[in-house]
Structure formats: C-alpha cells, structure tokens
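Structural features, examined
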Amino acid sequence: MSRPSAGTEDGGRTVADNGAVDLELDRAHSARMYDYYLGGTTNFPADREAAARARAAFPSLLATAAINRRFMHRSVRFLAREGMSQFLDIGTGIPTSPNLHEVAQTEDPRARVVYTDNDPIVLAHARALLQSRPEGRTAYVHADVTEPEALLAAEELGGTLDFARPIALSLNALLHFVTGDHRAHDIVELLKDALPSGSTLAIAHVTAEFDPEGITRLIDTYRTAGTLAQARTHDEIARFFEGWELFPPGIVPSHEWRPDPGDGSESVTNEVAACYVGVARKP
Ligand SMILES: C[S@@+](CC[C@H](N)C(=O)[O-])C[C@H]1O[C@@H](n2cnc3c(N)ncnc32)[C@H](O)[C@@H]1O
C-alpha cells in the first residue's frame, strides 16, 4: 500500500512534497485530458492526441466538462451556505480557478479544504490549491481512492479536518474511473462510514443513459489511451447515496441541479451533460 504524501498551507506556510515524480509524459492521463477540455495548459502532446480522439468520439466533450465543473461550483456554494465549513475533495484534478476552496472560502473564509488525487501532475501543481485565505486552511494529499483506508489515515487529513464535525465529501467526475474489480460502492461506503452525522456527499458521474453510442465510443477511447472508465446508470449512481438524504432535486443531469438563473442551463441537453449528479446529507 502506498503511503499518501502531502502538502499543506496554513497562514502562509507551505510544505509541498513534490520532489521527483514520474509524470509519464509519453502516455495520456485523465487529469491532463480534463485540463485540456477545460482550456488549461497543463497537458502534453500524448494528452492532446487522446483528447482529440475523445472529442471525435463524443463531440460535445468540452461542454460536458465545463457543465460538470459548474456543478462543482454550485454544489460547493450551496453546501457552504448550508453551513458546511469542512470539505474533502477526492479526484481534485489539475487546479482550475475557481477551485473548490475559492468557492467555499468566498462564502466562509474560515472553510477548510483537503484535496486528494492520485496523479503526480496534480501533486506537482498543488501549490495553487494551497493558497488558502489566512482564516481558513487547505491541504493536499496525494492518494488513491481505491486505497481508502490509507487515504483516510493521511496525517494532513486528520490535521486539517475535524472528523467530529460534518465534512462535505465530493467525488466529482471520479467514480467512473473506479471500475469493476475496484468495487466502487464498497469504497464509497467506507468513506461515508468515516464521516459523522450531518456530513454531505456530492457526486458527478458519467452515464450512458442519454447517448449510449457516444458514451461507449468515448469510454473506448479512454481504454485505448490506457485509462479504464465505466458509465453507470441512474440506479447504480443512486446506490452510492444509499442511507443518506438527497437534497432536492435529487439525482439529475448535471445542468439541472439547482441551476443559476440565466446561466444557460435551459439550453443544455441531457446528451451533452452526459452525467448524473446528486448531493445528500448523512442523517
Ligand atoms: C475528470 S477529473 C475531475 C476533476 C474535478 N473533480 C472536477 O470534477 O472538476 C478526474 C480526476 O480524478 C483523478 N483520479 C482518477 N482515478 C483516481 C483514483 N483512483 N484516486 C484518486 N484520484 C483519481 C484523476 O487523476 C483526475 O484528476
């Protein structure tokens, strides 16, 4: 089992363990492909070539990524307004402003956020995730969600978040990379069990229900590029929330989750959104 490594920022002090890392630039990485979809510059020829094949397979991919990212913004803002002040974000991705802590700390400058990803490129760029407001705190833990015990045991996690108080867990656009044998539902249950009453869970997940052929083609391009992925149905995604109370409107296509007036959501189709999302609270 790999030991999670970390960085923290606390009132201006930064400790980032981003020494020698193998970025595997010769092969595409999902984090760097996603960065490309969002218009970022932290991607390399192998990522861009794979991203081009993915776009050919599923032409609305850039819009899909942007719509997914906006769900993160809205759900974090909503949860901060509901009083959540501690966030654990797994599968963070390459920093893309506004990052989760920027949204949360706009609502509550004291918000504490722990970011986690298993891609070394995210660790290498973690500094941008560590620019906390002085009243709050952020930390980064390099860890794999398929080893949830190790992730939960990371020193910086326990040192940043108080597990006696509610924690907002987000697994956005992550679980479709946790396929088959990895037992995604068991992993999510283990994470849910570690959180106290009043904690919340936000999930965004690719589904093939709206465009089966397009999503099958898309997943094939990821597999060819070396990343396994899996779409799930509404029911399979609902199972991740089992035992927790969904906030209205429940599990819906990403653009339909509490859209902001005039944000263009009304012109988005389910086929383009391509993801189900939901947010729930632990009783
Ligand atoms: C599509 S990005 C989503 C980024 C961000 N959550 C969002 O929705 O905007 C998926 C991220 O999950 C990360 N990831 C994939 N498998 C993972 C795993 N087993 N453990 C931790 N992170 C993982 C990838 O490295 C990538 O950064």
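For the structure, see preceding data.
A brief look at the structure comes next.

Analysis parameters
- Residues numbered from 1 in each chain as written.
- Predicted model: local features only at pLDDT ≥ 70, side-chain atom pairs only at ≥ 80, totals over all residues.
- Heavy atoms only, no water.
- Helix = DSSP H or I, 4+ residues; strand = E, 2+ residues; numbered from the N terminus.
- Buried < 20%, exposed > 50% of the residue type's maximum accessible area, 1.4 Å probe, protein only.
- Contact = heavy atoms within 4.5 Å.
- Axes fitted to C-alpha atoms, helices over the stretch in contact; angles between N-to-C directions.
- Parallel < 35°, antiparallel > 145°, perpendicular 65-115°, else oblique.
- Left-handed = near helix turned anticlockwise from the far one by under 90°.
- Core = buried A, V, L, I, M, F, W, Y, C linked by side-chain atoms within 4.5 Å.
- Near = heavy atom within 4 Å.
- Polar contact = N/O pair within 3.5 Å; in protein donor to acceptor, adjacent residues only side chain to side chain.
- Areas by Shrake-Rupley, 256 points an atom, 1.4 Å probe, with all protein chains shown as cover.
- Nonpolar A, V, L, I, M, F, W, Y, C, P; charged D, E, K, R; others polar.
- Phe/Tyr/Trp six-rings, centres within 6.5 Å; stacked < 30°, edge-to-face > 60°.
- Lys NZ or Arg CZ within 6 Å of the ring centre and 35° of its normal.

Another aspect to go through is the environment of Gln-131. The residue Gln-131 is located in the loop between α5 (120–124) and β5 (137–142) in this model. Sequence-wise, Gln-131 and Glu-102 are 29 residues apart; in three dimensions their C-alpha atoms are separated by 8.9 Å.

Another point: helix α1 (residues 30–37). Across the eight residues that make up α1, a large majority, six, are buried. What α1 keeps buried is the set Ala-31, Arg-32, Met-33, Tyr-34, Asp-35 and Tyr-37. Those residues of α1 that are buried lie in contact with α2 (45–57), α3 (61–81), α5 and α9 (212–224). Where α1 terminates, the next one or two residues include Gly-39, which has phi positive at roughly 85°.

Below, the discussion takes up helix α4 (residues 100–107). For α4, the set of buried residues is Leu-100, His-101, Val-103, Ala-104 and Gln-105. In the core, the buried residues of α4 are packed alongside α3, β3 (86–90), β4 (112–117), β5 and β6 (168–172).

So, on to the packing of α2 against α9. One can describe the packing of α2 onto α9 by two numbers: an axis separation of 8 Å at closest approach and a directional angle of 165°. By the angle between their axes, α2 is roughly antiparallel relative to α9. The handedness of the crossing between α2 and α9 is right-handed. Contact residues: Arg-53, Ala-54 and Ala-57 in α2; Gly-214, Arg-217, Leu-218, Thr-221 and Tyr-222 in α9.

Counting residues in hydrophobic clusters, the biggest one holds 32 residues, and the most contacted among them are Leu-88, Ile-90, Leu-169, Leu-171 and Leu-201. Of all the secondary structure elements, the ones that give two or more residues to this core are β3, β5, β6, α8 (184–193), β7 (200–206), α10 (234–240) and β10 (275–281). If we skip the residues at most four places from it in the chain, Leu-169 touches Leu-88, Ile-90, Leu-191, Leu-195, Thr-200, Leu-201 and Ala-202. By size, the runner-up hydrophobic cluster in this structure holds 31 residues, among which are Phe-71, Met-72, Phe-87 and Leu-100.

Next up on the list: the site of the ligand. Taken together, the neighbourhood of the ligand is formed by 18 residues, with Tyr-34, Arg-69, Gly-91, Asp-117 and Asp-144 sitting nearest. Contacts to the ligand include Arg-69, whose side-chain N or O atom sits 2.9 Å from an oxygen atom. A distance of 2.9 Å separates a nitrogen atom of the ligand from a polar backbone atom of Asn-172. Contact with the protein chains removes 94% of the 600 Å² of surface that the ligand exposes when unbound. Secondary structure elements with two or more residues in the shell around the ligand: α1 and α3. For the shell around the ligand, the element with the most residues is α1, which contributes three residues. Tallied by class, the residues present in the shell around the ligand amount to seven nonpolar, seven polar and four charged.

Attention now moves to the packing of aromatic side chains. Following the criterion strictly, the structure yields five aromatic pairs and no others. Ring plane angle 45° and centroid distance 5.9 Å describe the contact between Phe-177 and Tyr-222, whose orientation is recorded as tilted. Here Tyr-222 lies in helix α9 and Phe-177 lies in the loop between β6 and α8, a separation of 45 residues in the sequence. Overall, the relative accessible area of 27% leaves Phe-177 in the partly exposed class. Look at Tyr-222 and you get buried, because its relative accessible area is 8%. Ring pairs connect the aromatic residues Phe-71, Phe-78, Phe-247 and Trp-257, which therefore count as one cluster. Note that Arg-258 overlies the ring of Trp-257, its terminal NZ or CZ placed 5.4 Å from the centroid.

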